[in-house]
Amino acid sequence: MAYYKVKEGYTDNMEYRRLGASGLRLSALSLGMWQNFGEDADRDVARKIVCTALDGGITSFDLANNYGPPAGAAEEMFGYLYRSLLRPLRDEIVVATKAGYPAWSGPYGDGGSKKYLVASCDRSLRAMGLDYVDIFYSHRYDSNTPLEETMSALDYIVRSGRALYVALSKYPADVLPRAVEILRSLGTPCIAHQVQYSMLSRQNEPLFPLHKELGVGCVTFSPLAQGQLTNRYADGIPADSRASRGESLKAGVVEDNLPKVKALAEVAAERGESLAQLALAWQLQGGAVDSVIIGASRPEQVIDNLGAVSAAPITPEQAAKINEILHK
Ligand SMILES: NC(=O)c1ccc[n+]([C@@H]2O[C@H](COP(=O)([O-])OP(=O)(O)OC[C@H]3O[C@@H](n4cnc5c(N)ncnc54)[C@H](OP(=O)(O)O)[C@@H]3O)[C@@H](O)[C@H]2O)c1
(Lines give C-alpha, C1' and ligand atoms only; values in the text may rest on other atoms or scores of the structure.)
Protein backbone atom coordinates (compact mmCIF):
# COMPACT_ATOMS: atom_id res chain seq x y z
CA MET A 1 0.00 0.00 0.00
CA ALA A 2 1.34 3.45 -0.92
CA TYR A 3 1.70 6.14 1.73
CA TYR A 4 -1.32 8.40 2.00
CA LYS A 5 -1.20 11.68 0.13
CA VAL A 6 -3.31 14.08 2.14
CA LYS A 7 -5.59 16.43 0.19
CA GLU A 8 -4.02 19.69 -0.87
CA GLY A 9 -5.19 22.57 1.34
CA TYR A 10 -6.42 20.08 3.95
CA THR A 11 -6.08 22.63 6.75
CA ASP A 12 -8.08 25.34 4.97
CA ASN A 13 -11.44 24.54 6.57
CA MET A 14 -10.22 23.68 10.06
CA GLU A 15 -9.40 25.85 13.06
CA TYR A 16 -6.28 25.15 15.12
CA ARG A 17 -6.48 26.22 18.74
CA ARG A 18 -3.63 26.73 21.17
CA LEU A 19 -3.71 24.42 24.17
CA GLY A 20 -3.58 26.52 27.33
CA ALA A 21 -0.30 28.33 27.75
CA SER A 22 1.58 25.96 25.43
CA GLY A 23 2.72 26.56 21.87
CA LEU A 24 0.88 23.49 20.58
CA ARG A 25 -2.26 23.98 18.52
CA LEU A 26 -4.79 21.18 18.08
CA SER A 27 -7.40 20.93 15.38
CA ALA A 28 -10.76 22.03 16.82
CA LEU A 29 -11.92 18.46 16.19
CA SER A 30 -9.72 15.53 17.20
CA LEU A 31 -10.41 11.91 16.24
CA GLY A 32 -10.61 9.40 19.10
CA MET A 33 -10.04 5.67 18.86
CA TRP A 34 -11.73 4.42 22.02
CA GLN A 35 -14.15 2.35 19.96
CA ASN A 36 -14.30 1.19 16.32
CA PHE A 37 -10.53 0.52 16.07
CA GLY A 38 -10.37 -2.74 18.03
CA GLU A 39 -9.36 -6.25 17.00
CA ASP A 40 -12.62 -6.85 15.12
CA ALA A 41 -12.61 -3.53 13.28
CA ASP A 42 -12.37 -3.61 9.50
CA ARG A 43 -8.95 -2.23 8.54
CA ASP A 44 -10.27 -0.69 5.38
CA VAL A 45 -13.01 1.21 7.22
CA ALA A 46 -10.47 2.31 9.85
CA ARG A 47 -8.19 3.57 7.08
CA LYS A 48 -11.03 5.50 5.45
CA ILE A 49 -12.09 7.09 8.76
CA VAL A 50 -8.54 8.28 9.47
CA CYS A 51 -7.90 9.52 5.93
CA THR A 52 -11.25 11.34 5.81
CA ALA A 53 -10.40 13.03 9.10
CA LEU A 54 -6.99 14.09 7.81
CA ASP A 55 -8.39 15.42 4.55
CA GLY A 56 -10.79 17.51 6.60
CA GLY A 57 -7.92 19.01 8.62
CA ILE A 58 -8.17 16.81 11.73
CA THR A 59 -4.53 16.49 12.71
CA SER A 60 -5.01 15.29 16.29
CA PHE A 61 -5.53 11.62 17.15
CA ASP A 62 -6.49 10.48 20.63
CA LEU A 63 -5.62 6.99 21.87
CA ALA A 64 -5.06 5.15 25.15
CA ASN A 65 -3.34 1.94 26.13
CA ASN A 66 -6.70 0.32 26.99
CA TYR A 67 -8.61 1.20 23.79
CA GLY A 68 -9.75 -1.74 21.72
CA PRO A 69 -11.22 -4.15 22.58
CA PRO A 70 -9.11 -5.86 23.73
CA ALA A 71 -6.91 -3.32 25.53
CA GLY A 72 -4.08 -2.31 23.22
CA ALA A 73 -5.83 -3.22 19.95
CA ALA A 74 -6.54 0.40 18.96
CA GLU A 75 -2.86 1.29 19.29
CA GLU A 76 -2.01 -1.78 17.17
CA MET A 77 -4.51 -0.59 14.54
CA PHE A 78 -3.07 2.92 14.64
CA GLY A 79 0.40 1.37 14.29
CA TYR A 80 -0.72 -0.55 11.21
CA LEU A 81 -2.14 2.64 9.67
CA TYR A 82 0.90 4.68 10.65
CA ARG A 83 3.42 2.24 9.21
CA SER A 84 1.49 1.64 6.00
CA LEU A 85 0.04 5.08 5.30
CA LEU A 86 0.94 7.92 7.60
CA ARG A 87 4.66 7.73 8.31
CA PRO A 88 5.60 10.63 6.00
CA LEU A 89 2.98 12.75 7.79
CA ARG A 90 4.51 12.32 11.25
CA ASP A 91 5.32 16.02 11.59
CA GLU A 92 1.83 17.04 10.48
CA ILE A 93 -0.08 15.08 13.11
CA VAL A 94 -0.39 15.03 16.88
CA VAL A 95 -0.69 11.62 18.49
CA ALA A 96 -1.82 11.38 22.09
CA THR A 97 -2.00 8.31 24.28
CA LYS A 98 -2.77 7.62 27.93
CA ALA A 99 -2.28 5.20 30.78
CA GLY A 100 -4.27 4.90 33.99
CA TYR A 101 -6.83 2.10 33.54
CA PRO A 102 -6.18 -1.66 33.60
CA ALA A 103 -4.02 -2.60 30.64
CA TRP A 104 -2.30 -5.85 31.55
CA SER A 105 -2.37 -8.40 34.36
CA GLY A 106 -0.42 -8.25 37.60
CA PRO A 107 0.18 -5.37 40.00
CA TYR A 108 1.93 -3.04 37.51
CA GLY A 109 -0.66 -2.68 34.75
CA ASP A 110 -3.03 -0.14 36.30
CA GLY A 111 -3.08 3.14 38.24
CA GLY A 112 -0.64 6.02 38.44
CA SER A 113 2.69 4.55 39.54
CA LYS A 114 5.92 5.43 37.74
CA LYS A 115 6.46 1.70 37.10
CA TYR A 116 3.15 1.47 35.20
CA LEU A 117 3.24 4.78 33.32
CA VAL A 118 6.76 4.39 31.95
CA ALA A 119 6.26 0.75 30.93
CA SER A 120 2.93 1.60 29.36
CA CYS A 121 4.40 4.46 27.36
CA ASP A 122 7.08 2.11 26.01
CA ARG A 123 4.44 -0.47 25.04
CA SER A 124 2.34 2.23 23.34
CA LEU A 125 5.33 3.47 21.33
CA ARG A 126 6.12 -0.09 20.20
CA ALA A 127 2.50 -0.80 19.24
CA MET A 128 2.15 2.41 17.26
CA GLY A 129 5.61 2.27 15.67
CA LEU A 130 6.44 5.75 16.96
CA ASP A 131 9.66 7.15 18.43
CA TYR A 132 7.66 9.51 20.65
CA VAL A 133 4.06 10.57 21.28
CA ASP A 134 3.13 14.21 21.12
CA ILE A 135 1.00 14.12 24.28
CA PHE A 136 1.10 11.57 27.07
CA TYR A 137 -1.82 11.67 29.50
CA SER A 138 -2.34 10.33 32.98
CA HIS A 139 -5.73 8.83 32.14
CA ARG A 140 -7.15 9.26 35.65
CA TYR A 141 -6.21 10.34 39.13
CA ASP A 142 -5.01 7.41 41.25
CA SER A 143 -5.47 8.20 44.94
CA ASN A 144 -3.36 5.14 45.87
CA THR A 145 -0.24 6.66 44.34
CA PRO A 146 1.32 9.87 45.68
CA LEU A 147 0.46 12.68 43.26
CA GLU A 148 4.16 13.66 43.25
CA GLU A 149 5.06 10.19 41.91
CA THR A 150 2.53 10.29 39.06
CA MET A 151 3.60 13.81 38.09
CA SER A 152 7.29 12.97 38.28
CA ALA A 153 6.62 9.94 36.04
CA LEU A 154 5.06 12.29 33.47
CA ASP A 155 8.04 14.62 33.77
CA TYR A 156 10.40 11.66 33.29
CA ILE A 157 8.47 10.51 30.23
CA VAL A 158 9.09 13.89 28.61
CA ARG A 159 12.71 14.21 29.75
CA SER A 160 13.52 10.73 28.44
CA GLY A 161 12.17 11.65 24.99
CA ARG A 162 9.11 9.41 25.04
CA ALA A 163 6.66 12.34 24.82
CA LEU A 164 6.79 16.01 23.91
CA TYR A 165 4.02 17.20 26.24
CA VAL A 166 1.96 15.84 29.12
CA ALA A 167 -1.67 16.23 30.07
CA LEU A 168 -4.25 14.96 32.54
CA SER A 169 -7.59 13.28 32.07
CA LYS A 170 -10.55 13.37 34.44
CA TYR A 171 -8.67 14.78 37.42
CA PRO A 172 -11.10 15.98 40.10
CA ALA A 173 -11.37 19.73 40.68
CA ASP A 174 -9.79 19.44 44.12
CA VAL A 175 -6.69 17.64 42.79
CA LEU A 176 -6.15 19.33 39.42
CA PRO A 177 -4.56 22.59 40.71
CA ARG A 178 -1.99 20.72 42.81
CA ALA A 179 -1.15 18.35 39.93
CA VAL A 180 -0.70 21.31 37.58
CA GLU A 181 1.48 23.09 40.14
CA ILE A 182 3.74 20.05 40.66
CA LEU A 183 4.20 19.65 36.90
CA ARG A 184 5.00 23.36 36.56
CA SER A 185 7.57 23.14 39.35
CA LEU A 186 9.19 20.19 37.58
CA GLY A 187 9.46 22.23 34.36
CA THR A 188 7.04 20.04 32.41
CA PRO A 189 3.77 21.98 32.27
CA CYS A 190 0.42 20.29 31.93
CA ILE A 191 -0.91 21.43 28.57
CA ALA A 192 -4.47 20.08 28.77
CA HIS A 193 -7.16 18.54 30.89
CA GLN A 194 -9.50 16.07 29.19
CA VAL A 195 -13.10 15.92 30.39
CA GLN A 196 -16.43 14.48 29.31
CA TYR A 197 -18.74 17.13 27.88
CA SER A 198 -21.86 17.21 25.76
CA MET A 199 -25.31 18.79 25.73
CA LEU A 200 -26.45 15.74 27.71
CA SER A 201 -23.50 15.71 30.09
CA ARG A 202 -22.66 19.12 31.54
CA GLN A 203 -21.37 18.17 34.99
CA ASN A 204 -17.83 19.34 34.10
CA GLU A 205 -18.80 22.90 33.16
CA PRO A 206 -17.64 24.21 36.59
CA LEU A 207 -14.10 23.14 35.61
CA PHE A 208 -13.93 25.48 32.64
CA PRO A 209 -13.02 28.66 34.58
CA LEU A 210 -10.42 26.61 36.47
CA HIS A 211 -8.78 25.56 33.19
CA LYS A 212 -8.45 29.23 32.18
CA GLU A 213 -7.13 30.18 35.62
CA LEU A 214 -4.53 27.41 35.52
CA GLY A 215 -3.55 28.09 31.89
CA VAL A 216 -4.43 24.54 30.92
CA GLY A 217 -6.14 23.62 27.65
CA CYS A 218 -9.57 21.99 27.67
CA VAL A 219 -10.10 18.90 25.53
CA THR A 220 -13.53 17.28 25.64
CA PHE A 221 -14.68 13.74 24.91
CA SER A 222 -17.96 12.02 24.00
CA PRO A 223 -19.37 15.28 22.58
CA LEU A 224 -22.24 13.41 20.92
CA ALA A 225 -23.00 11.45 24.10
CA GLN A 226 -21.69 8.37 22.26
CA GLY A 227 -23.99 8.91 19.29
CA GLN A 228 -27.17 9.97 21.05
CA LEU A 229 -26.80 13.57 19.83
CA THR A 230 -27.22 12.54 16.21
CA ASN A 231 -30.13 11.54 14.08
CA ARG A 232 -29.07 7.90 14.58
CA TYR A 233 -31.59 6.83 17.24
CA ALA A 234 -34.67 8.75 16.05
CA ASP A 235 -36.38 5.51 14.94
CA GLY A 236 -35.04 3.16 17.62
CA ILE A 237 -31.71 1.47 18.16
CA PRO A 238 -30.06 0.39 14.87
CA ALA A 239 -28.42 -3.04 14.87
CA ASP A 240 -24.96 -1.70 14.02
CA SER A 241 -24.91 1.10 16.63
CA ARG A 242 -22.98 1.46 19.87
CA ALA A 243 -26.17 1.23 21.93
CA SER A 244 -26.99 -2.10 20.27
CA ARG A 245 -23.84 -3.56 21.85
CA GLY A 246 -25.06 -2.29 25.24
CA GLU A 247 -21.56 -1.97 26.74
CA SER A 248 -20.68 1.71 27.17
CA LEU A 249 -24.10 2.99 26.06
CA LYS A 250 -27.25 1.37 27.41
CA ALA A 251 -30.52 1.23 25.49
CA GLY A 252 -32.44 2.57 28.52
CA VAL A 253 -30.31 5.73 28.59
CA VAL A 254 -30.94 6.31 24.89
CA GLU A 255 -34.70 5.90 25.39
CA ASP A 256 -34.76 8.30 28.38
CA ASN A 257 -32.92 11.00 26.44
CA LEU A 258 -34.94 10.63 23.25
CA PRO A 259 -37.48 13.45 23.92
CA LYS A 260 -34.63 15.96 24.42
CA VAL A 261 -32.76 14.58 21.43
CA LYS A 262 -35.79 14.94 19.16
CA ALA A 263 -36.39 18.53 20.31
CA LEU A 264 -32.72 19.38 19.70
CA ALA A 265 -32.90 17.75 16.25
CA GLU A 266 -35.68 20.23 15.40
CA VAL A 267 -33.45 23.17 16.35
CA ALA A 268 -30.71 21.68 14.16
CA ALA A 269 -33.13 21.20 11.25
CA GLU A 270 -34.26 24.84 11.55
CA ARG A 271 -30.59 25.83 11.22
CA GLY A 272 -30.25 23.57 8.19
CA GLU A 273 -27.78 21.21 9.82
CA SER A 274 -27.59 17.75 11.38
CA LEU A 275 -27.98 17.30 15.12
CA ALA A 276 -24.33 16.15 15.31
CA GLN A 277 -23.25 19.45 13.73
CA LEU A 278 -25.34 21.47 16.17
CA ALA A 279 -24.08 19.51 19.19
CA LEU A 280 -20.46 20.03 18.15
CA ALA A 281 -20.89 23.68 17.12
CA TRP A 282 -22.56 24.34 20.50
CA GLN A 283 -19.33 23.49 22.30
CA LEU A 284 -16.89 24.74 19.68
CA GLN A 285 -18.55 28.17 19.90
CA GLY A 286 -18.84 28.19 23.71
CA GLY A 287 -15.38 29.69 24.33
CA ALA A 288 -14.23 27.10 26.87
CA VAL A 289 -13.15 24.14 24.74
CA ASP A 290 -9.97 23.91 22.68
CA SER A 291 -10.47 20.59 20.94
CA VAL A 292 -13.45 18.26 20.84
CA ILE A 293 -12.66 14.57 20.42
CA ILE A 294 -15.16 12.84 18.20
CA GLY A 295 -15.55 9.11 17.59
CA ALA A 296 -16.79 7.59 14.34
CA SER A 297 -17.74 4.15 13.06
CA ARG A 298 -17.72 5.22 9.41
CA PRO A 299 -16.18 7.98 7.26
CA GLU A 300 -19.56 9.59 6.50
CA GLN A 301 -19.90 10.44 10.20
CA VAL A 302 -16.57 12.28 10.10
CA ILE A 303 -17.71 14.27 7.07
CA ASP A 304 -20.94 15.19 8.82
CA ASN A 305 -19.09 16.22 11.98
CA LEU A 306 -16.55 18.33 10.07
CA GLY A 307 -19.47 20.55 9.03
CA ALA A 308 -19.63 21.82 12.63
CA VAL A 309 -16.38 23.76 12.29
CA SER A 310 -17.88 26.17 9.76
CA ALA A 311 -21.41 26.16 11.25
CA ALA A 312 -23.24 29.48 11.50
CA PRO A 313 -23.01 31.16 14.92
CA ILE A 314 -25.69 29.93 17.30
CA THR A 315 -27.98 32.92 17.89
CA PRO A 316 -28.97 33.99 21.43
CA GLU A 317 -32.53 32.83 20.65
CA GLN A 318 -31.30 29.40 19.56
CA ALA A 319 -29.05 29.15 22.63
CA ALA A 320 -32.02 29.97 24.87
CA LYS A 321 -34.15 27.35 23.12
CA ILE A 322 -31.39 24.75 23.57
CA ASN A 323 -31.09 25.58 27.28
CA GLU A 324 -34.83 25.31 27.70
CA ILE A 325 -34.82 21.84 26.10
CA LEU A 326 -31.88 20.70 28.22
CA HIS A 327 -33.45 21.89 31.47
CA LYS A 328 -36.80 20.21 30.90
N1 LIG B 1 -10.30 10.49 28.75
C2 LIG B 1 -11.20 9.56 28.81
O3 LIG B 1 -11.36 8.89 29.83
C4 LIG B 1 -12.08 9.28 27.62
C5 LIG B 1 -13.29 8.58 27.80
C6 LIG B 1 -14.09 8.35 26.69
C7 LIG B 1 -13.67 8.81 25.42
N8 LIG B 1 -12.47 9.47 25.28
C9 LIG B 1 -12.00 9.91 23.96
O10 LIG B 1 -13.03 10.59 23.27
C11 LIG B 1 -13.24 9.97 22.00
C12 LIG B 1 -14.65 10.20 21.55
O13 LIG B 1 -15.58 9.58 22.44
P14 LIG B 1 -16.90 8.97 21.85
O15 LIG B 1 -16.53 7.95 20.80
O16 LIG B 1 -17.76 8.58 22.97
O17 LIG B 1 -17.50 10.28 21.09
P18 LIG B 1 -18.89 10.64 20.48
O19 LIG B 1 -18.54 11.51 19.31
O20 LIG B 1 -19.78 11.17 21.52
O21 LIG B 1 -19.53 9.27 19.96
C22 LIG B 1 -19.06 8.63 18.81
C23 LIG B 1 -20.13 7.74 18.23
O24 LIG B 1 -21.25 8.53 17.83
C25 LIG B 1 -21.76 8.07 16.59
N26 LIG B 1 -21.58 9.15 15.61
C27 LIG B 1 -20.52 9.98 15.49
N28 LIG B 1 -20.75 10.90 14.53
C29 LIG B 1 -21.97 10.63 14.05
C30 LIG B 1 -22.76 11.23 13.05
N31 LIG B 1 -22.35 12.31 12.38
N32 LIG B 1 -24.00 10.69 12.77
C33 LIG B 1 -24.44 9.62 13.46
N34 LIG B 1 -23.72 9.00 14.42
C35 LIG B 1 -22.50 9.52 14.71
C36 LIG B 1 -21.02 6.81 16.26
O37 LIG B 1 -21.74 5.77 16.88
P38 LIG B 1 -21.90 4.30 16.24
O39 LIG B 1 -20.58 3.66 16.56
O40 LIG B 1 -23.04 3.75 16.98
O41 LIG B 1 -22.10 4.48 14.78
C42 LIG B 1 -19.70 7.02 16.96
O43 LIG B 1 -19.02 5.83 17.25
C44 LIG B 1 -12.85 8.52 22.24
O45 LIG B 1 -12.55 7.82 21.05
C46 LIG B 1 -11.62 8.72 23.09
O47 LIG B 1 -10.52 9.06 22.27
C48 LIG B 1 -11.69 9.72 26.36
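An account of the accompanying structure is given in this report. (Residues numbered from 1 in each chain as written. Predicted model: local features only at pLDDT ≥ 70, side-chain atom pairs only at ≥ 80, totals over all residues. Heavy atoms only, no water.)

A few points about the packing of helix α4 (residues 147-159) against helix α5 (residues 176-186)
Item 1. Packing of α4 against α5 brings their axes to within 9 Å, and their N-to-C directions diverge by 40 degrees. Compared by their axis directions, α4 and α5 come out oblique. In this structure, α4 crosses over α5, and the sense of that crossing is right-handed. Facing Leu147, Glu148, Met151, Ser152, Leu154, Asp155 and Arg159 of α4, the residues of α5 in contact are Arg178, Ala179, Ile182, Leu183 and Leu186. (Axes fitted to C-alpha atoms, helices over the stretch in contact; angles between N-to-C directions. Helix = DSSP H or I, 4+ residues; strand = E, 2+ residues; numbered from the N terminus. Parallel < 35°, antiparallel > 145°, perpendicular 65-115°, else oblique. Left-handed = near helix turned anticlockwise from the far one by under 90°. Contact = heavy atoms within 4.5 Å.)

Some points on the site of the ligand
Item 1. Around the ligand, 32 residues are found, and the nearest of them are Asp62, Ser222, Arg242, Ser297 and Asp304.
Item 2. Measuring from a nitrogen atom of the ligand, one finds a side-chain N or O atom of Tyr67 at 3.5 Å.
Item 3. Expressed as a share of its isolated accessible area of 920 Å², the protein-covered part of the ligand is 95%.
Item 4. Elements with a minimum of two residues in the shell around the ligand: β10 (291-294) and α10 (299-306).
Item 5. Looking at which element gives the most residues to the shell around the ligand, the answer is α10, with 3 residues.
Item 6. For the shell around the ligand, a count of residues per class yields 12 nonpolar, 14 polar and 6 charged. (Near = heavy atom within 4 Å. Polar contact = N/O pair within 3.5 Å; in protein donor to acceptor, adjacent residues only side chain to side chain. Areas by Shrake-Rupley, 256 points an atom, 1.4 Å probe, with all protein chains shown as cover. Nonpolar A, V, L, I, M, F, W, Y, C, P; charged D, E, K, R; others polar.)

Observations regarding the pairing of strand β8 (residues 190-196)
Look at any regular strand and the pattern is simple: side chains alternate between the two faces of the sheet.
Item 1. Along β8, 6 of the 7 residues are buried, which leaves the element largely enclosed by surrounding structure.
Item 2. Where strand β7 (residues 163-169) meets β8, 3 bridges bridge the pair, whose relative direction is parallel. Bridge pairing links Val166 to Cys190 in β8.
Item 3. Regarding topology, α5 serves as the crossover connection from β7 to the parallel β8, and that connection is right-handed.
Item 4. Relative to strand β9 (residues 217-221), β8 runs parallel, the two being bridged by 5 bridges. Residue pairing in the sheet places Ala192 in a bridge with Gly217 of β9. (Buried < 20%, exposed > 50% of the residue type's maximum accessible area, 1.4 Å probe, protein only. Pairing = 2+ DSSP bridges. Right-handed = clockwise from strand over helix to strand, strands pointing away.)

Some thoughts on the pairing of strand β3 (residues 29-32)
Item 1. Alternating positions in β3 separate into two faces, Leu29 and Leu31 on one and Ser30 and Gly32 on the other, with burial throughout.
Item 2. Across 3 bridges, β3 lies against β10 in parallel orientation. Bridge pairing links Leu29 to Val292 in β10.
Item 3. Across 2 bridges, the pairing between β3 and strand β4 (residues 60-62) is parallel. When the bridges of β4 are listed, Leu31 appears paired with Phe61.
Item 4. In the classification by handedness, the crossover that spans β3, the intervening helix α1 (residues 43-55) and the parallel β4 is right-handed.

Comments concerning the sheet that holds β8
Strands belonging to one sheet form pairs held by backbone hydrogen bonds; the direction of such a pair is parallel or antiparallel.
Item 1. Taken in spatial order, the 8 strands of this closed barrel run β3-β4-β5-β6-β7-β8-β9-β10, and their pairing is parallel. The mean inter-strand angle of the sheet, taken between neighbouring strand axes irrespective of direction, is 30 degrees.

Looking at the state of the cysteines
Item 1. The tally for this structure, following the rule as stated, stands at 0 disulfides.
Item 2. Its sulfur unpaired, Cys121 is 16 Å from the next cysteine sulfur, which belongs to Cys190.
Item 3. For Cys121, a relative accessible area of 0% gives the class buried.
Item 4. Free of any disulfide, Cys190 has its nearest neighbouring cysteine sulfur in Cys218, separated by 11 Å.
Item 5. For Cys190, a relative accessible area of 5% translates into the label buried. (Disulfide = S-S within 2.5 Å.)

A few points about the pattern of salt bridges
Item 1. Summed over all chains, the structure comprises 14 salt bridges.
Item 2. Note that Asp240 is salt-bridged to Arg298, the shortest N-O span being 3.1 Å. Here the residue Asp240 occupies a position in the loop between β9 and α7 (242-245), and Arg298 occupies one in the loop between β10 and α10, the gap between them amounting to 58 residues.
Item 3. With relative accessibility at 44%, the residue Asp240 sits in the partly exposed group.
Item 4. Among the ionic pairs, Arg271 bridges to Glu273, the shortest N-O distance being 2.5 Å.
Item 5. Several salt bridges converge on common partners, so that one network encompasses Asp44, Arg47 and Lys48. (Salt bridge = Lys/Arg side-chain N within 4 Å of Asp/Glu carboxyl O.)

A look at the environment of Leu200
Item 1. Residue position: Leu200 is located in the loop between β8 and α6 (207-214).
Item 2. Sequence separation between Leu200 and Trp104 is 96 residues, and the spatial gap between their C-alpha atoms is 33 Å.
Item 3. If we skip the residues at most four places from it in the chain, Leu200 touches Ala225, Gln228, Leu229, Asn257, Lys260 and Val261.

Spatial relationships are all this shows, so hold off on functional conclusions.
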